[in-house]
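Results of the structural survey
Chain residues, written in single-letter form:
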Amino acid sequence: MDTRIDQDHAAPLRRRCAGGGTALLRHGAALLMLVLSFTALAGTPALSGYAHTSWNGQRGAPADVVQFTQTRDGWLWISSPHGLFRFDGVDFQRMDSVQGHRLHANNTLGLLTTRDGRLWVGGRFGGISVFSAGRRQLFTEADGLPRGSVMTMTEGPDGGVWVATSTGLGYLAPGATVFRRIGKAEGLPETATRQILFGRDGRQWVSVQGGIYFRDPGQARYRRAWPHIDLMAMAEAPDGTLWGSDGIDKQYRVLPAAPAGNPRPRAELGGNGALFDRTGTMWVLKLDALERRQAPYTGSAANAQQLTRAHGMSGPLPQTAFEDREGNLWIGTSAGLDRLRRTRLQAVPVDTAFDRPGIVVDGHEGVIIGDQRRPLGRYDSAGLRQTLGRLDLTAACRAADGGLWLAGATERWHRNAAGRVTRLPHPPELAGNAAQAMTIDGKGRMWASISRRGLFRIEDGTWHKDGGLPGMPDGLALSLTTDAAGRVWGGFDRNRIAMIGDGRVRVFGEADGLRLGNVQVLLVDGARLWAGGQDGLAWYDGARWHGVGAAGGQRLRGISGLVRTRTGELWLYGSDGISRIDAAHVERLLREPGWQLPLERFDALDGLVGSAEQLRPLPSMAQGSDGRLWFATASEVASLDPAALSRNALAPPVQVLSLHAGELDFPAQASVRLPIGERDLRIAYTALGLAIPERVRFRYRLEGFDQRWQEAGTRREAVYTNLPPGAYRFRVIAANEDGVWNESGATMALEVPPRFVETGWFTALAVLLGGVLLAALYLLRVRRLTAHMRDRMKERLAERERIARGLHDTLLQSVQGLIMLFEQQARRLPLGAEERDRIEQTLELADELMAEGRDCIADLRTAQEPEELSEALSQFGSVLLQQRFTATVNGKPRLLCPRVRDEVRVIAREALFNAARHARAGRVELVIDYRPDGLAVLVRDDGCGMAAAGDKAQQRKHYGIVGIGERARAIGATCTLLSTPGQGTVMQLDIPAERAYPGRRTAALFLRLRQRRRPHAEAA
């Protein structure tokens, strides 16, 4: 921020703040000057061209405001005996602490913001607190600061800080930690010091009790300035003139030396202080008013205007003035504070308010204004320039030859291009009825709408009702205009527009796209026609009318003024104020009928007092020959230059103020962790746009929750309810009244901690407990099923054992007895006898039957075999082959995969069956080898062997061998069968480890991959 805002744009305190014995002596004089000032105020015009707002207690505003400053972040800081306050344009906050550090005193006086962004706060009873980057530094008498009230503080060109106290002047050099007192050694009296000011030329001025002193750049000593009287407040004009006030109601030019002849000092202005703003305007603080003066600041050329308590000033005794970075002027009074902001609209200054004024474009600069109370006159933005005569102006139009027609309730005026005026009275039957609208058609004939009488064509002094044409709408024609083809267009009440030409009348209504209500204004725009009415805006493309809608939900109501500027902008004036539409947007609307038009709205905040007329005089807006726009309300006429609209180019700084969650309030900070269980929160934020805070717009977004930006409008609070746990980032951005966005905005990190039931630990615990429960249920179920199956199995095994015993003890024993009996009978028969051969054949069949019986008994008993493969097969072979069978197990027996175990058992049993049935072997051997890389099972006998491989017919009889091969392939095993007739049979079964043993699939796969890669590596 430019330090000059604090130095040059802040008027210092009145003498009553400084104290001292002279205050009582001057108190009576002040009262006298106050009485005299009322006489002066009566003859001074009210302040115009500024929007004024006052606070004297509203929204927590302080009273007895003595100084202002503005920090880099945009806050306006206010000093008063009641404490330090800050203001964002909407709400005042009393600040007992700044950046987390308490003030050293609540009764504050001097304020300063230095170029490095530090805030300096001086106490009425001494001491200075300096706040920067979350730290506070305190200066007291122990640090060399002159004791007493800190009146004012000023930053010098070198960055050093000069402090004026009630006992003297102190200086803190850049980087120093101790003040140096400035006094007699430098030629400056050590007494009450009021103000320090650095001029544009680098000269330093110091106001002390008894006079003003100065020193030039590079000089060490001070010299006394002229006049040699006690002066307090100082202000430098743009031309370098220094003005000094006596603190009561006199201001003098201050000079380094007395003029020739050392004349007696003469006050040139009143007031007890002054401020020159950035435009060079002088603002004078008077006892009960604020006075504005233009250069040269004295005499009638100053065009003095005043703001007084009668005009709404917050209180008497204005004692300080300050200009902020947006150009707003702030005034501190004994009762509160005031803000003055230059408005875009400038009202025509008049002694008394207008009464239903009508405006007509003049051929010269400015407009002609007429109303019911004052004579018709020519005005410009500065006021009345010429009186033209008395006419109750209600309608007007301009002819193609440059002539101007004006009309009222009793007569018409015609002023030709040379300025000669001719008066034409209305016909007697029409007298007393106000003219509503007038126009000149392409043939030079006038058409006039007369209230309560209708529409007339005036030709050769004769008034023809409805122009003598059939089909004319009844009712009142509120507006009339003529297009380039010479046709007359009339806008009527009840949503009707008439086109009059070539002796015919065509009436447009709702069926043609009109929805305007009363049609109050018509504007010819080339080949198009615009119409404004009670309910909106429409345009005609030569075939059909198109309604116009405004973007953002804005309304278009009561439009009675329309202007298309030279640059293509469209201006509307209606019940909701003045609307500006950019030329590019107008062209897009003409290309895309139905497109929603973006508007820029101007209203009371821009200086518009009242609203557009809805009946007479119409139209309510006109454009002067210089391009300036003029607007009439019921009591005022205002204007603006659309080509020179003032714009605020400063994006408003944005801050998050606080966060409220549940019953807790959190101050603004970079990140906040909410208490567990708090899910509803309110976030307060602001933007430091002090010019028109009512138009500051906001957008916010809670990243991690909101999918897009939330349009908050002017609302300064965001509300969220039932937020889920998580980490969020709140962002808010803002735009000023001219739509300049601060895209950086402000941020705050938020953490919503989960409840225990929402944590990952709880979820994991729940999953674990659920898994344990399911596992327990599963194990319980498996245990019950296993027990049930075991019981069933025991029953089945017991039954099988009973059957086996029965077969063995009954059937086989009986058959064995018969065989023995038959053998005895056969031995009794001679060898070679036919009967003996038959008996022996029968015995062979009986032996086979016995073998099959034993096999059945063996099957029944092997149902009791143990789960371990080697034990099961050993038991099976022992039962089947008895002494002819041997079993060998190599390696430690291991658990096999269930399917592999079952299939191997069936294959081995089949091989043992074959050896017992067909081999007629004397010895059968079973070898089971548990190797790390797999399982091997060998069945070998010394029997008769099998047929050669070529004997296919013989092999097809042995389906058991085919089944062995099929089962081996099903489990991924390799089965090798070797047999030679007369030399026995060998069956070899090899099963890889990943197939045989549980859990060996991954390891075996890795081993195979290594074996596959190795040959490639070796080849490489």
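Bear in mind that the values here come from a model prediction, so they are computed numbers and not experimental data.

**Considering the overall build of the protein chain**
Looking only at helices and strands, the protein chain has 12 helices and 72 strands in total. Relative to its length of 1020 residues, the protein chain is extended, with a C-alpha radius of gyration of 56 Å against a globular reference of 31 Å. The dimensions of the protein chain, computed from C-alpha atoms along their principal axes, are 185 × 100 × 60 Å. Here the protein chain holds 1020 residues, and 49% of them are scored as buried. Put simply, 54% of the contacts in the protein chain that link residues at least 6 apart link residues at least 24 apart. Carbon and sulfur atoms provide 51% of the accessible area of the protein chain, an area that totals close to 48200 Å². Between the mean site of the 130 positive side-chain charges and the mean site of the 112 negative ones, the protein chain shows a separation of 2 Å.

**Here we look at the UniProt feature "transmembrane region" (unreviewed entry) in the protein chain**
Taking the UniProt record as the reference, the feature "transmembrane region" (unreviewed entry) is found at residues 760-780. Structurally, residues 760-780 is divided into 100% helix and 0% strand, and its ends, taken at the C-alpha atoms, are 29 Å apart.

**Thoughts on the sheet that holds strand β21 (residues 234-236)**
Taken in spatial order, the 3 strands line up as β21-β22-β23 in an open sheet, and their pairing is antiparallel. The open sheet terminates on both sides in strands that have one partner only, identified here as β21 and β23 (251-254). Sheet twist, expressed as the mean angle between neighbouring strand axes with direction ignored, is 30°. Sheet topology note: the strand β22 (residues 242-245)/β23 ladder contains 4 bridges and is antiparallel. Paired with Trp243 across the strands is Arg253, a residue of β23.

**Considerations on the packing of helix α7 (residues 869-881) against helix α8 (residues 898-917)**
Running from amino to carboxyl end, α7 crosses α8 at an angle of 20°, the nearest separation of the two axes being 10 Å. Taken as axis vectors, α7 and α8 run roughly parallel relative to one another. Our pair here, α7 against α8, has a crossing hand that is right-handed. For the pair α7 and α8, contact is made by Leu869, Leu873, Phe876, Gly877, Leu880 and Leu881 and by Arg901, Val904, Arg905, Ala908, Arg909, Leu912, Phe913 and Ala916, respectively. Of the residues that constitute the contact of α7 with α8, the class distribution is 10 nonpolar, 1 polar and 3 charged.

**Things to note about the environment of Val906**
With respect to the element layout, Val906 can be found in helix α8. C-alpha separation for the pair Val906 and Thr763, spaced 143 residues apart in sequence, amounts to 49 Å.

**What to know about a nonpolar patch on the surface**
A surface patch of nonpolar side chains, about 790 Å² in accessible area, is lined by Phe756, Val757, Trp761, Leu765, Leu768, Leu769 and Val772. Mapping Val772 onto the fold places it in helix α5 (residues 760-828).

**Comments concerning the domain arrangement of the protein chain**
Looking at the assigned domains, one finds that the protein chain contains domain 1 (413-540 + 553-640), domain 2 (654-758) and domain 3 (868-996). Once you take the C-alpha centre of each, domain 2 and domain 3 turn out to be 82 Å apart.

**Regarding the pattern of salt bridges**
A side chain with one charge can pair with a side chain of the opposite charge if their charged atoms come near. Under the definition given, this model contains 56 salt bridges. Residue Asp88 pairs with Arg716 through a salt bridge whose shortest N-O separation is 3.7 Å. Taken together, the residues span a long stretch of sequence, with Asp88 in the loop between β5 (83-87) and β6 (92-94) and Arg716 in the loop between β64 (710-713) and β65 (717-720) at a distance of 628 residues. Neither residue differs from the other here; Asp88 and Arg716 are each classed as buried. Residue Glu600 pairs with Arg647 through a salt bridge whose shortest N-O separation is 2.3 Å.

**Some thoughts on α7**
Here α7 contains 13 residues, and its C-alpha end-to-end distance of 18 Å stays within 8% of the 18 Å for a straight helix at 1.5 Å per residue. Residues of α7 that are buried include every one of Leu869, Ser870, Ala872, Leu873, Phe876, Gly877, Leu880 and Leu881, and no others. Along the axis of α7, the buried residues cluster in a sector spanning 160°; they form a single face. Count one or two residues on from α7 and you reach Gln882, which has phi positive near 55°.

**Here's the deal with α8**
Every α-helix carries 3.6 residues per turn, so stepping three or four residues along brings you back to the same face. With 20 residues, α8 extends 28 Å between its outermost C-alpha atoms, agreeing within 8% with the 28 Å of an ideal straight helix rising 1.5 Å per residue. Residues of α8 that are buried include every one of Val900, Arg901, Glu903, Val904, Ile907, Ala908, Ala911, Leu912, Phe913 and Ala915, and no others.

**What about the packing of aromatic side chains?**
Taken as a whole and judged by the stated rule, the model has 33 aromatic pairs. With centroids separated by 5.9 Å and ring planes inclined at 70°, the aromatic side chains of Phe354 and Tyr379 adopt a geometry described as edge-to-face. Taken together, the residues Phe354 in the loop between β31 (346-347) and β32 (358-361) and Tyr379 in strand β34 (residues 376-380) connect sequence positions 25 residues apart. Judged by relative accessible area, which is 5%, Phe354 ranks as buried. Ring pairs connect the aromatic residues Trp55, Phe68, Phe87, Phe92, Phe322 and Trp330, which therefore count as one cluster.

**Brief notes about the nonpolar core**
Counting residues in hydrophobic clusters, the biggest one holds 35 residues, and the most contacted among them are Val904, Leu912, Leu935, Leu989 and Ile991. Elements with a minimum of two residues in this core: α7, α8, β69 (924-931), β70 (934-941), α10 (959-970), β72 (984-992) and α11 (993-996). Per-element accounting of this core gives the leading share, 8 residues, to α8. Beyond its immediate stretch of four places on either side in the chain, Val904 contacts Leu869, Val937, Ile971, Leu989 and Ile991.

**Section: the side chain of Asp706**
Mapped onto the secondary structure, Asp706 falls in the loop between β63 (697-703) and β64. At 6.4 Å, Arg701 is the nearest oppositely charged side chain to Asp706, a buried residue that forms no salt bridge. Reaching out from Asp706, the side chain makes a polar contact with the side chain of Tyr720 at a distance of 2.4 Å. With sequence-adjacent residues up to four places away left out, Asp706 is seen in contact with Arg701 and Tyr720.

**Looking at unusual backbone geometry**
Omega for the peptide link from Ala295 to Pro296 comes to 10°, which places this bond in the cis form. Assignment of secondary structure puts Pro296 in the loop between β26 (289-293) and β27 (305-308). For the bond running from Arg616 to Pro617, omega is -10°, close enough to zero to count as cis. With respect to the helices and strands, Pro617 occurs in the loop between β55 (600-602) and β56 (621-623). Here Tyr297, not a glycine, exhibits a phi torsion of approximately 75°, which is positive. The residue Tyr297 is located in the loop between β26 and β27 in this model.

Cut-offs used in this document
Each chain carries its own residue numbering, running from 1 in the direction its sequence is written. It should be noted that, the model being predicted, local features are given only for residues of pLDDT at least 70 and side-chain atom pairs only at 80 or more, the latter also being counted only at that level, while totals for whole chains, interfaces and linings use all residues. The side-chain figures draw on all heavy atoms in the structure; neither hydrogens nor water molecules are used. For the purposes of this entry, the term helix denotes a DSSP run of H or I that reaches at least four residues, the term strand denotes a run of E that reaches at least two, and both are numbered from the N terminus. Throughout, the radius of gyration refers to the C-alpha atoms, and the reference size of a globule is 2.2 Å times the residue count to the power 0.38. Note on exposure labels: buried denotes an accessible area under 20% of the residue type's maximum, exposed denotes more than 50%, and partly exposed covers the range between, all computed with a 1.4 Å probe on protein chains only. Throughout, a residue-residue contact means that at least one pair of heavy atoms, one from each residue, lies within 4.5 Å. Values of accessible area rely on a 1.4 Å probe in the Shrake-Rupley scheme; residue burial ignores everything except the protein chains shown. The charge count includes Lys and Arg as positive and Asp and Glu as negative, but it does not include His or the ends of the chains. One atom stands in for each charge, and that atom is NZ of Lys, CZ of Arg, CG of Asp or CD of Glu. UniProt positions are given in the numbering used here, feature names are shortened, and annotations may be inferred rather than shown by experiment. Note on pairing: DSSP must find at least two bridges between two strands before they are called paired. In this analysis an axis means a line fitted to C-alpha atoms, helices contributing only their contacting stretch, and an angle means the value between N-to-C directions, from 0 to 180 degrees. When an angle is under 35 degrees it counts as roughly parallel; over 145 it counts as roughly antiparallel; between 65 and 115 it counts as roughly perpendicular; any other value is oblique. Put simply, a crossing is left-handed when the front helix is turned counterclockwise from the back one by less than a right angle, and right-handed when it is turned clockwise. Each residue receives one of three labels: charged for Asp, Glu, Lys and Arg, nonpolar for Ala, Val, Leu, Ile, Met, Phe, Trp, Tyr, Cys and Pro, and polar for the others, Gly being one of them. A patch is a set of surface residues, each over 30% in relative accessible area and not in a salt bridge, joined within 9 Å for like charges and within 5 Å for the nonpolar side chains Val, Leu, Ile, Met, Phe, Trp and Tyr. Only one rule defines a salt bridge in this text: a Lys or Arg side-chain nitrogen within 4 Å of an Asp or Glu carboxyl oxygen. These domain boundaries are the output of an automatic or database domain assignment. Each helix should span, by expectation, one fewer than its residue count multiplied by 1.5 Å. An arc is given here, and it is the one of the directions from the helix axis to the C-beta atoms. Paired rings are identified among Phe, Tyr and Trp, the last through its six-membered ring, by centres lying within 6.5 Å, and are further divided according to the angle between planes into stacked (under 30 degrees), edge-to-face (over 60) and tilted (the rest). Note on terminology: a nonpolar core comprises buried Ala, Val, Leu, Ile, Met, Phe, Trp, Tyr and Cys residues joined through side-chain atoms within 4.5 Å. Counting of polar contacts relies on pairs of N or O atoms within 3.5 Å, with two restrictions inside protein: one atom must be capable of donating a hydrogen and the other of accepting it, and residues adjacent in sequence are counted only when both atoms are side-chain atoms.

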